[in-house]
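# Summary of the model geometry
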Amino acid sequence: MATTEFAKKYHEKMFPGYHSTFLETDTEFIERFDDLDDKTRFVALIAILLGCQGMDEFRAMLPAALNFGVTPIEVKEIVYQAVAYLGIGRVFPFLKITNEVLAERGIGLPLPGQATTTTANRREAGTTTIF
């Protein structure tokens, strides 16, 4: 099965100038992977890489995620939310990688605050939301 022109163009957009051997060895995978809308793909991908502890691939995919419209604030939220599921010990290295990648791209840290609660009303607001 030959890789479609769409898959080739998508890959070039994601990784300009990089030639993946998967384009020859795993064409069906590449075509399926390239069928998702950009932002959804990368939100899912960086969350999955957190879960499986794929630090090297996270470092490689995070710039691509930003190139495809995932905002720095959304990336930080994904990383922050992962702490509840994976624990701080597993997430802390990803927070460091995130900060390094954002700094490399000239994105100032800290990012603007996004909290809608304070430490004083967080518990009450959470309880109200649940019930």
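One numbering rule holds for all chains: residues counted from 1, following each sequence as written. Where totals are concerned, whole chains, interfaces and linings use all residues; where local detail is concerned, this predicted model gives features only for residues with pLDDT of at least 70, and gives and counts side-chain atom pairs only at 80 or more. Only heavy atoms go into the side-chain values, all of them from the structure, while hydrogens and water stay out.

### Details of the packing of helix α4 (residues 38–51) against helix α5 (residues 55–67)
In the contact formed by α4 and α5, the axes pass within 10 Å of each other and the chain directions differ by 160°. Between α4 and α5, the angle is such that the two are roughly antiparallel. α4 and α5 meet at a crossing whose hand is left-handed. In this structure, α4 contributes F42, L45, I46, L49 and L50 to the contact, and α5 contributes E57, F58, M61, A64 and A65. Each residue is assigned to one class: nonpolar for Ala, Val, Leu, Ile, Met, Phe, Trp, Tyr, Cys and Pro, charged for Asp, Glu, Lys and Arg, and polar for all the others, Gly among them. Residues that form the contact of α4 with α5 fall into these classes: 9 nonpolar, no polar and 1 charged. Axes here mean lines fitted to C-alpha atoms, for a helix over just the part in contact, with angles spanning 0 to 180 degrees between N-to-C directions. In this text, helices come from DSSP runs of H or I with a minimum length of four residues, and strands from runs of E with a minimum of two, each type numbered from the N-terminal end. Angular relationships are summarised with four words: roughly parallel below 35 degrees, roughly antiparallel beyond 145, roughly perpendicular across 65 to 115, and oblique for the angles in between. Handedness of a crossing is defined here by the sense of rotation of the near helix relative to the far one, left-handed for an anticlockwise turn of less than a right angle and right-handed for a clockwise turn. Residues are treated as being in contact if the distance between any of their heavy atoms lies within 4.5 Å.

### Details of the packing of aromatic side chains
Centre distance within 6.5 Å is the pairing criterion for rings of Phe, Tyr and Trp, where only the six-membered ring of Trp is used; planes under 30 degrees apart are then read as stacked, over 60 as edge-to-face, and the remainder as tilted. Applying the stated criterion to the full structure yields 3 aromatic pairs. For the pair F15 and Y18, a centre-to-centre distance of 6.2 Å together with 70° between the ring planes defines the contact as edge-to-face. Pairing F42 with F68 gives two aromatic rings, centres 5.1 Å apart and planes at 25°, and the pair type is stacked. Taken together, the positions of F42 in helix α4 and F68 in the loop between α5 and α6 (72–86) put the pair 26 residues apart, joining distant regions of the chain. The two residues F42 and F68 agree in class, both being buried. Under the scheme applied here, a residue whose accessible area is under 20% of the maximum for its type counts as buried, over 50% as exposed, and between as partly exposed, the area being computed with a 1.4 Å probe on protein chains only.

### Some points on the pattern of salt bridges
Salt bridge, as used here, is a side-chain nitrogen of Lys or Arg placed within 4 Å of a carboxyl oxygen of Asp or Glu. If you walk through the whole model with that rule in mind, you get 4 salt bridges. When the shortest N-O distance is used, the salt bridge between R41 and D38 registers 3.8 Å. Taken together, the residues span about one helical turn, with R41 and D38 both in helix α4 at a distance of 3 residues. With a relative accessible area of 23%, D38 lands in the partly exposed category. Of the charged contacts in the structure, one is a salt bridge between K39 and E74, with a shortest N-O distance of 2.9 Å. A residue pair is termed long-range when its members are at least 10 positions apart, and K39 in helix α4 and E74 in helix α6 qualify at 35 residues. A residue is classified by how much of its surface remains accessible, and K39, at 32% relative accessible area, is partly exposed. Among the charged side chains, a salt-bridge network with shared partners connects K13, D38 and R41.

### A short note on the side chain of K76
Counting through the fold element by element, K76 comes out in helix α6. A positive count includes Lys and Arg, and a negative count includes Asp and Glu. His and the chain ends are not counted in either. Here K76 is buried and forms no salt bridge, its nearest opposite-charge partner E77 lying at an N-O distance of 10 Å. Residues in contact with K76, not counting those within four places in the same chain, are L95, T98, N99, L102, L109 and L111.

### Digging into the packing of α6 against helix α7 (residues 88–104)
Axes are the key here: two packed helices are described by the angle between their axes and the distance separating the axes. Closest axis-to-axis distance for the α6/α7 pair is 8 Å, and the angle between their directions is 170°. Relative to α7, the element α6 is oriented roughly antiparallel. Across the interface between the two elements, P72, V75, K76, V79, Y80, A82, V83 and L86 from α6 touch I88, R90, V91, F94, L95, T98, N99 and L102 from α7. For the contact of α6 with α7, the residue count by class is 12 nonpolar, 2 polar and 2 charged.

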